[in-house]
Amino acid sequence: MINPLWETRLLDIAGAETIEQLKSVRESEQNRLAAKLLSSASPADEVIEELNRLHDALIARVLKLAENDLARSGFSAPPVPYTYILYGSAGRYEQTLYSDQDSGLVYAEAANESEEESNRSYFARLSQVMVESLIELGYPPCEGEVIASNSNWRMSIQEWECKIDAWFAEPSWENVRYLLIVADGRAIAGDHELAQRLQNRFFGDMLGTPVIAGRMMENTIRHKVLVGVFGQLLVERYGENAGSLDMKYGAYIPMVNACRLLAIQAGIRETSTLKRIDALNRSDVLTDEEANDAKQAFIVFLRWRLITTCSPDNGELQGTGKIRVDQLPKEAIGQLKQALKAGKQMQRRVQRELQRRFGGR
Amino acid sequence: MVKKSLIALGALLLMFPTMAFADDPTAGQLNVGLNALWVMLAGILVLLMQGGFILLEAGSTRMKNAGHVAGKTIFTLGLASIVYWAVGYGFTFGGDASESLNKFIGLGNFFFDPGHAAAEGDSYPSSVFFIFQLAFAAVSLSIAWGGFAERAKLSAYLIFTLFFVSVIYPVVAHWIWGGGWLAKDGAQDFAGSTVVHLTGAIGALAATILLKPRIGKFNKDGSANEILGHNQVFTALAVLILWVGWFGFNAGSTVAIGDGFFGFVAFNTQLGAAAGAVAALLISWLVNGKADITAMLNGALAGLVAITASCAFVDPWAAVVIGLVAGVLVFFSAKFFEKIKVDDPIFALSVHGAAGVWGTLANGLFATEELSGKVGIGKAGLFEGGGWGQLWVQAESVIVCGAFAFAASFIVLWVVKQVIGFRVTEEQEIIGLDLSEHGNYGYPEQMKKAGTSV
């Protein structure tokens, strides 16, 4: 997709020297994309793709600026190769207009202990600058502390490998949650080979401990697709959001969880949900029809999730992820119900398969 | 010690030989005695249902009102007893009215004197019957309090008790049970789905309409907020107490041991309640996606309310159907009242009103020829080959009793509202009725006034 407008934008981003400049690019681009989405002329997946290319370009540029910043303040260039990793929706290429930062960092092993120590302090400093710059650019930090400035998510490749092994060896609720986060990780910039090694370790361990899939399902199953047995929408009944449907936790997240689980079991390394579905189809886990239904449903979810964060009457920037169903036109409700049913089917399928293999609790 | 007793007993026997050879009681005396025991036991069970109402209402409301909610039940029980003794019982069962007046209200037996024993030819002492009937009136009253909860003035409780127990409840009870015009039409309401439950629920409806919703129940845009009760365990325990008490309520309404028919009535009661609980939990699960405890508890009560009218008139399978329908009905009814912005904190309108109507109408559908004949009231329902006749009579009794109870309650409470005010001030409502009406918290440790020391 060659788009002259986009090419100029990339140049703008590449040439930006301050966060302020990046911020203005981000704002104008996002306004354009929001208008595009609301005009409903283009499908949500296209908008999402464009939006995530924008986020990627911005984040990569911020990283470059952070490196420069460190160089200016007396640090040298990065002492060893490293990769900045994105998790969560960014990892899945599914960031909205106002997503927060979930990130981590991995750097190559050091030759000796003193080098190790200096690497540690360099990357601590780099992550700090990076995270702060991103906050300035409008990416709030992750509430769950999954962020590169947290030393638990910033390690050398060896430490990372040990940690992943340990999580697999001791699949407590918390550790399984970490593994699910790692599963969506991807490199944004730097030495992609390091990210590759982490993925290799993850999928290798996955093969070695198949029971982990059951634990992963239990960890995610509490978010149910919000459609009832009669096909009715399960909206919130009380409070200020009464009558609204939780698109994030009642549609989008369950679908993400189901596809992730099927994908990592099949050894698929894609992190985007739509790409995971395609890959599942190619490896015959999903039939053409299943894959098509799942994709259509997921695009509907993506669209609503995006809209809830950019609707003009939603004064706040941070969206609730909830939509007032009673204000929707009839056909939109019909489409939503159909998508939710497909989502529920997907969720059921994963649940049934894993229960058959590992039994109930 | 034993030896001394035996000697004393022997001496007494010598002195009063008749004691040893007293006549055996006659079959009639035994019958009266057994009936009296059974009705008394039933009366105690129904009275104990007040314990259920205390826990139900307190558990379903907030901590700041708990002492008030619980205590006012005991106070109004006391007041109701005196009012019922003075006039209520007379208007219900008094036999001195002329035949045309008696269609609408009974007269006589005011300041009721039951005598010391059963009168000649009676099958039980009227003292026991009075206690049993009084307990029913008190239950109806406590149901009405559901509509007052958390915002009515204590004085309004007092005045409403006076009118409800002296006139409103007795008139409806007279129509159906006291030989009034609906009794003559053959209205089947064995233990009071209409008389007790619907009348009480309609009182609650009038109150909640006049009081308007509690502060914070509805938002400006019309959406509802959930005001959770402070103790769901109380609420569950309340339902169990009411359930057990209901055996006195329904089975006791046979007011006789007789051939053991009360056992059948109890049997149907159990089935109705069970079906209500099961149906309500399942329907809430299906519709909301979560199995709702409050809905399930309401379902059990709705099953009980619905089977109350029909427990002596229908076959066991029908009791199950009646309970199942009641459980589903109460769930949707609660949703409906919330939608039309009627605040019903204890679900009185749905549990006692909607289910009371359904239970009464259910007789018109499921009453069997045989059981109607056995009880001696009305005839078979629509599905039992009796045609539409009984259903019509049932509908008539629901509509007329409901309309009367609503008009009378509304007038009384409207006058209260105009003259002395019905609702506490906003400030009082926010600090809670424990403090505003009684000066002390029901849970002092949990509800310390800001700025006061221990």
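What you see is a predicted model; the values in this text were computed from it and never measured. (Residues numbered from 1 in each chain as written. Chains lettered and ligands numbered in written order. Predicted model: local features only at pLDDT ≥ 70, side-chain atom pairs only at ≥ 80, totals over all residues. Heavy atoms only, no water.)

Asker: Would you mind going over the pattern of salt bridges with me for this structure?
Answerer: Pairing of side chains with opposite charge becomes possible as their charged atoms draw close. All names here are of chain A. For the coordinates displayed, the defined rule picks out 35 salt bridges over all chains. Ionic pairing is found between Glu117 and Arg120, a salt bridge with its closest N-O pair at 3.8 Å. With Glu117 and Arg120 both in helix 5 (residues 113-136), this residue pair falls three residues apart, about one helical turn. Overall, the relative accessible area of 47% leaves Glu117 in the partly exposed class. Overall, the relative accessible area of 32% leaves Arg120 in the partly exposed class. (Salt bridge = Lys/Arg side-chain N within 4 Å of Asp/Glu carboxyl O. Helix = DSSP H or I, 4+ residues; strand = E, 2+ residues; numbered from the N terminus. Buried < 20%, exposed > 50% of the residue type's maximum accessible area, 1.4 Å probe, protein only.)

Asker: Teacher, can you tell me more about the side chain of Ser193(B) here?
Answerer: All names here are of chain B. For Ser193, the location among the structural elements is in helix 9 (residues 193-211). Within polar-contact distance, the side chain of Ser193 engages the backbone oxygen of Val305 at 2.6 Å. There is a polar contact of 2.8 Å between the side chain of Ser193 and the backbone nitrogen of Ala309. If near-sequence neighbours (up to four positions away) are discounted, Ser193 is found in contact with Leu198, Val305, Ala306, Thr308, Ala309, Gly356, Gly359 and Thr360. (Polar contact = N/O pair within 3.5 Å; in protein donor to acceptor, adjacent residues only side chain to side chain. Contact = heavy atoms within 4.5 Å.)

Asker: Before we go on, may I ask you to explain the domain arrangement of chain A in this structure?
Answerer: One widely used convention gives an interface's size as the accessible area the parts lose upon coming together. Residue and element names in this part refer to chain A. Domains assigned within chain A are domain 1 (4-208) and domain 2 (217-358). The C-alpha centroid of domain 2 is placed 25 Å from the C-alpha centroid of domain 1. The interface of domain 1 with domain 2 comprises 32 residues on the first partner and 27 residues on the second. In total, domain 1 and domain 2 occlude about 2700 Å² of area from one another, counting both sides; carbon and sulfur atoms represent 64% of this. The tally of links from domain 1 across to domain 2 stands at two salt bridges. For the salt bridge of Asp184 with Arg276, the shortest nitrogen-to-oxygen distance reads 2.8 Å. The interface formed by domain 1 and domain 2 holds twelve residue pairs in polar contact (both at pLDDT 80 or more) in total. Listing elements by their share of the side of domain 1 that touches domain 2, those giving two or more residues are helix 2 (19-38), helix 3 (44-72), helix 4 (88-91), helix 7 (173-183) and helix 8 (192-208). Looking at the side of domain 1 that touches domain 2 element by element, the count peaks at six residues for helix 8. Of the residues belonging to the side of domain 1 that touches domain 2, the class tally is 18 nonpolar, eight polar and six charged. (Domains from an automatic or database assignment. Buried area = accessible area lost by both parts, 1.4 Å probe. Nonpolar A, V, L, I, M, F, W, Y, C, P; charged D, E, K, R; others polar.)

Asker: Any chance you could explain the UniProt feature "domain: Ammonium transporter AmtB-like" (unreviewed entry) in chain B here in plain terms?
Answerer: Using the residue numbers shown here, the UniProt feature "domain: Ammonium transporter AmtB-like" (unreviewed entry) corresponds to residues 37-443 of chain B. Split by type, residues 37-443 of chain B is 69% helix and 0% strand. Its first and last C-alpha atoms lie 39 Å apart. (UniProt positions renumbered as here; feature names shortened; annotations may be inferred.)

Asker: Would you mind going over a nonpolar patch on the surface with me for this structure?
Answerer: Taken together, the side chains of Ile411(B), Trp414(B), Val415(B), Val419(B) and Ile420(B) define a hydrophobic patch exposed on the protein surface, amounting to about 480 Å² of accessible area. Relative to the assigned elements, Ile420(B) resides in the loop between helix 16 (389-419) and helix 17 (426-431). (Patch = residues over 30% accessible without salt bridge, like charges linked within 9 Å, V, L, I, M, F, W, Y side chains within 5 Å. Areas by Shrake-Rupley, 256 points an atom, 1.4 Å probe, with all protein chains shown as cover.)

Asker: So what exactly am I meant to see when it comes to a negative patch on the surface here?
Answerer: On the surface, Asp284(A), Asp288(A), Glu289(A) and Asp293(A) cluster together into a patch of negative charge. Overall, Glu289(A) belongs to the exposed group, its relative accessible area being 59%. (Lys, Arg positive; Asp, Glu negative; His and termini not counted. Charge placed at Lys NZ, Arg CZ, Asp CG, Glu CD.)

Asker: Would you mind showing me how to read the packing of aromatic side chains here?
Answerer: Enumeration according to the criterion identifies 47 aromatic pairs over all chains in this entry. Relative to Tyr178(A), the ring of Trp153(A) lies with its centre 5.6 Å away and its plane at 80°, an arrangement referred to as edge-to-face. Linking Trp153(A) in the loop between helix 5 and strand 3 (154-156) with Tyr178(A) in helix 7, this pair joins segments that are 25 residues apart in sequence. What makes Trp153(A) buried here is its relative accessible area of 4%. Consider the rings of Phe261(B) and Phe264(B), whose centres lie 5.9 Å apart with planes at 20°: the pair is stacked. Within this pair, Phe261(B) and its partner Phe264(B) are both found in helix 11 (residues 261-288), separated by three residues, close to a single helical turn. Residue class for Phe261(B) comes out buried when judged on its relative accessible area of 14%. We classify Phe264(B) as partly exposed; its relative accessible area is 24%. Positioned over the ring face of Tyr252(A) is Arg305(A), at 3.8 Å from the centre of the ring. The aromatic ring of Phe218(B) is capped on one face by Lys217(B), whose charged end is 6.0 Å from the ring centroid. (Phe/Tyr/Trp six-rings, centres within 6.5 Å; stacked < 30°, edge-to-face > 60°. Lys NZ or Arg CZ within 6 Å of the ring centre and 35° of its normal.)

Asker: Which parts of the structure should I look at to understand the sheet that holds strand 1 (residues 82-86) of chain A?
Answerer: Two strands in a sheet stick together by hydrogen bonds in their backbones, pointing the same way (parallel) or opposite ways (antiparallel). Residue and element names in this part refer to chain A. Spatial ordering of the open sheet is given by 3-2-1-4, a layout of four strands whose pairing is mixed. Whereas interior strands pair on both sides, the edge strands pair on one side only; in this sheet they are strand 3 and strand 4 (186-190). The sheet shows a mean angle of 25° between the axes of neighbouring strands, direction not considered. Pairing geometry for strand 1 and strand 2 (residues 103-107), over five bridges, is antiparallel. Opposite Leu86, over in strand 2, you have Ser103 as the bridge partner. Lying over the sheet, helix 5 contacts strand 1, strand 2 and strand 3, oriented at roughly 155° with respect to strand 2. (Pairing = 2+ DSSP bridges. Axes fitted to C-alpha atoms, helices over the stretch in contact; angles between N-to-C directions.)

Asker: Hey, could you run me through the packing of helix 12 (residues 293-310) of chain B against helix 14 (residues 348-366) of chain B in this one?
Answerer: For any two helices packed against each other, the geometry is given by the interaxial angle and the distance between the axes. All names here are of chain B. As a packed pair, helix 12 and helix 14 sit with axes 7 Å apart at the nearest point and diverge in direction by 35°. Crossing handedness for the pair helix 12 and helix 14: right-handed. Facing Asn298, Leu301, Ala302, Val305, Ala306, Ala309 and Ser310 of helix 12, the residues of helix 14 in contact are Val351, His352, Ala355, Gly356, Trp358, Gly359, Thr360 and Asn363. Split into classes, the residues belonging to the contact of helix 12 with helix 14 amount to eight nonpolar, seven polar and no charged. (Left-handed = near helix turned anticlockwise from the far one by under 90°.)

Asker: Help me understand helix 14 of chain B, please; the structure alone is not making it clear to me.
Answerer: The periodicity of an α-helix, 3.6 residues per turn, causes residues three or four positions apart to be oriented the same way. Over its 19 residues, helix 14 of chain B extends 25 Å from the first C-alpha to the last, a length consistent with the 27 Å expected when each residue adds 1.5 Å. Of all the bends found along helix 14 of chain B, the most pronounced is centred on Gly356(B) and spans about 25°. (Expected span 1.5 Å × (residues − 1). Bend = angle between axes of the 7 residues up to and from the residue.)

Asker: Could you clarify how one ought to interpret unusual backbone geometry in this entry?
Answerer: A negative phi angle is the norm for most residues apart from glycine, just as the trans form is the norm for most peptide bonds. One non-glycine residue, Glu145(A), lies in the positive phi region at around 65°. Here Glu145(A) lies in the loop between helix 5 and strand 3. Its relative accessible area of 47% is what places Glu145(A) among the partly exposed residues. A positive phi angle, near 45°, is found at Phe111(B), a position not held by glycine.

Asker: Even after reading the chapter, I still don't get the confidence of the model for chain A, so can you show me in this structure?
Answerer: Averaged over all residues, the pLDDT of chain A is 90; the fraction at 70 or higher stands at 95%. Within the model, the stretch residues 312-318 of chain A combines pLDDT values under 50 with seven contacts to residues more than four positions away or in other chains. (pLDDT = per-residue confidence, 0-100.)

Asker: For this particular structure, what's the right way to read the side chain of His174(B)?
Answerer: All names here are of chain B. Assignment of secondary structure puts His174 in helix 7 (residues 154-177). Look at His174 and you get buried, because its relative accessible area is 0%. When neighbours within four sequence positions are excluded, His174 is seen to be in contact with Phe91, Thr92, Asn102, Lys103, Phe104, Ile105, Gly106, Gly179 and Gly180.

Asker: Help me out: how do you make sense of the interface of chain A and chain B in this one?
Answerer: Counting from both sides, the interface comprises eleven residues of chain A and, opposite them, 14 residues of chain B. Sorting the residues of chain A by area buried against chain B places Leu234(A), Arg237(A) and Tyr238(A) first, and these three jointly supply 53% of that buried surface. Where chain A packs against chain B, one counts one salt bridge. Here Asp221(B) makes a salt bridge to Arg324(A), at a shortest N to O gap of 3.8 Å. Across the chain A-chain B interface, the total number found is five residue pairs in polar contact (both at pLDDT 80 or more). For the side of chain A that touches chain B, a count of residues per class yields five nonpolar, three polar and three charged.

Asker: Help me out: how do you make sense of the environment of Leu33(A) in this one?
Answerer: Residues and elements named next belong to chain A. Here Leu33 is to be found in helix 2. Leu33 sits 208 residues away from Asn241 along the chain, and the two C-alpha atoms are 27 Å apart. When near neighbours in sequence (up to four residues on either side) are disregarded, Leu33 contacts Val47, Glu50 and Leu51.

Asker: Got a minute to help me understand the environment of Asn268(B) in this structure?
Answerer: All names here are of chain B. Along the chain, Asn268 falls in helix 11. With a relative accessible area of 0%, Asn268 lands in the buried category. Each C-alpha atom, one on Asn268 and one on Gly323, is 9.8 Å from the other, the two residues being 55 residues apart in sequence. With residues near it in sequence (within four places) discarded, Asn268 still touches Ile307, Cys311, Val314, Asp315, Pro316 and Ala319. One polar contact links the side chain of Asn268 to the main-chain carbonyl oxygen of Cys311, over a distance of 2.9 Å.

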